[in-house]
Amino acid sequence: MLLVVGVYIVAGNLAGGAAAGGVGLAKGAVPAAYQTLVQRWGNLCPAINPALLAAQLYQESGFNPGARSPAKAQGIAQFIPGTWATHGVDGDGDGDRDVWDPDDAIPSAASYDCELAKYVKDVPGDVSANMLAAYNAGAYAVIRYGGVPPYRETRNYVKTITTLAKSFAAPVTRVDPSRQAAGAIAYAQSKLGTPYLWGGTGTAAQSGRFDCSGLTQASYDKVGIKLPRVANDQYNAGPHPARNELLPGDLVFFSHDPTDSRAIHHVGIYVGGGYMIDAPRTGAVIRFDPIDGGDYFGATRVTEDGAKALPTHV
């Protein structure tokens, strides 16, 4: 495979101290079409891991290989043409470097990260944070300041990606419960019996009615946590407890594709005992429903930092 000269080829320890290959991806957090690529190339060098690479791709494009930005950034990794010309690689070995082809663009994103990490390898501090800072502000700024530079935009970028990465990583320990969960449940309970409305967010013009993600969004908004509007983006608002670790307040999700969080079609708020409060469908009301169905996908334990890290454009 054609790789940028100087990129680390053999991964040692990953950021956070996990061994190479030790960071798994949360169930379905990365679309199945890209999961193998992200897992493989996310272990390219010590500065990155699969969850961190996934967080960058999600932040940049929402895993959309056809994404274009007003700044002329292109593809799933949102390379601008000049950066692609220098750092794009032939990830699949087919003889070309195609910014629109995830088989090239995802390896290119990983190799570019690792190239930046190489530039700042002698800077004190966390190798992943310094790499992300170099991505945002340039390697020179990281070297000059001896770590993440004191730029608000850069520090926010580093925090956003590292926080978002937690929602793409498979938890290795029990996930801590949310302090806001009880308030979110109380709000959802107050809406029991309210008729469902497609696109409903509870406004006065909608007579206080909700659809599924409108209800979960409003419930967490009540306790000061701003969730995205749609269910498949709400899935990335925190880490993902296993089915046997669910606690009241967790968001529970249902998908047409068990391998892809982007195919999520429904969400509810878990209340315990195998039940959730949800706004199920047109003609129904907000009610208690069992969560154990054939299309149960997984759960998210919402965190304030996790919600704040979510991009608003995917």
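For the structure itself, consult the block above.
Reading the values: rules and limits
Residues numbered from 1 in each chain as written. Predicted model: local features only at pLDDT ≥ 70, side-chain atom pairs only at ≥ 80, totals over all residues. Heavy atoms only, no water. Helix = DSSP H or I, 4+ residues; strand = E, 2+ residues; numbered from the N terminus. Buried < 20%, exposed > 50% of the residue type's maximum accessible area, 1.4 Å probe, protein only. Contact = heavy atoms within 4.5 Å. Disulfide = S-S within 2.5 Å. Patch = residues over 30% accessible without salt bridge, like charges linked within 9 Å, V, L, I, M, F, W, Y side chains within 5 Å. Areas by Shrake-Rupley, 256 points an atom, 1.4 Å probe, with all protein chains shown as cover. Salt bridge = Lys/Arg side-chain N within 4 Å of Asp/Glu carboxyl O. Expected span 1.5 Å × (residues − 1). Axes fitted to C-alpha atoms, helices over the stretch in contact; angles between N-to-C directions. Parallel < 35°, antiparallel > 145°, perpendicular 65-115°, else oblique. Left-handed = near helix turned anticlockwise from the far one by under 90°. Nonpolar A, V, L, I, M, F, W, Y, C, P; charged D, E, K, R; others polar.

Draft legend 1. The arrangement of the overall build of the chain in detail. When helices and strands are counted, the chain shows 11 helices and five strands. For the C-alpha atoms alone, the extent of the chain along its principal axes is close to 60 × 40 × 35 Å. Burial statistics for the chain: of 314 residues in total, 54% are counted as buried. Within the chain, contacts between residues at least 6 apart in sequence are counted, and of these 60% link residues at least 24 apart.

Draft legend 2. Expanded view of the state of the cysteines. In total, this model carries one disulfide according to the counting rule given. One disulfide in the model links cysteine 45 with cysteine 114; its S-S distance is 2.2 Å. Negative torsions about the S-S bond denote left-handed disulfides, and the value of about -95° found for cysteine 45 with cysteine 114 makes this one left-handed. Placement of cysteine 45 in the loop between helix H1 (32-41) and helix H2 (50-61) and of cysteine 114 in helix H4 (residues 102-119) is noted, with a sequence separation of 69 residues between them. The exposure class of cysteine 45 is buried, given its relative accessible area of 0%.

Draft legend 3. How the structure looks around the environment of proline 258. You can see proline 258 is positioned in the loop between strand E1 (251-255) and strand E2 (264-272). For proline 258, a relative accessible area of 56% gives the class exposed. Separated by 47 residues in the primary sequence, proline 258 and aspartate 305 have C-alpha atoms spaced 26 Å apart. In this view, proline 258 contacts Lys27 and Phe297; residues no more than four positions away in its chain are not counted.

Draft legend 4. Molecular detail of a nonpolar patch on the surface. Judged by side-chain polarity, Leu192, Tyr275 and Phe288 come together as a nonpolar surface patch covering roughly 270 Å² of accessible area. Positionally, phenylalanine 288 belongs in strand E4 (residues 287-290).

Draft legend 5. Just helix H7 (residues 152-168), in detail. Its 17 residues give H7 an end-to-end C-alpha distance of 25 Å, which sits within 8% of 24 Å, the value for a rise of 1.5 Å per residue. Those residues of H7 that sit buried are Thr154, Tyr157, Val158, Thr160, Ile161, Thr163, Leu164, Ala165, Ser167 and Phe168. Contacts from the buried residues of H7 go to H2, helix H5 (127-137) and helix H11 (304-309).

Draft legend 6. Examining the packing of H2 against H5 more closely. For the pair H2 and H5, the least separation of the axes is 13 Å and the interaxial angle reads 25°. In this view, H2 runs roughly parallel relative to H5, as classed from their interaxial angle. Relative to H5, H2 is oriented so that their crossing is right-handed. Across the interface between the two elements, Leu52, Gln56 and Glu60 from H2 touch Ser128, Met131, Leu132 and Tyr135 from H5. Looking at side-chain class alone, the contact of H2 with H5 contains four nonpolar, two polar and one charged residues.

Geometry only, nothing functional implied.
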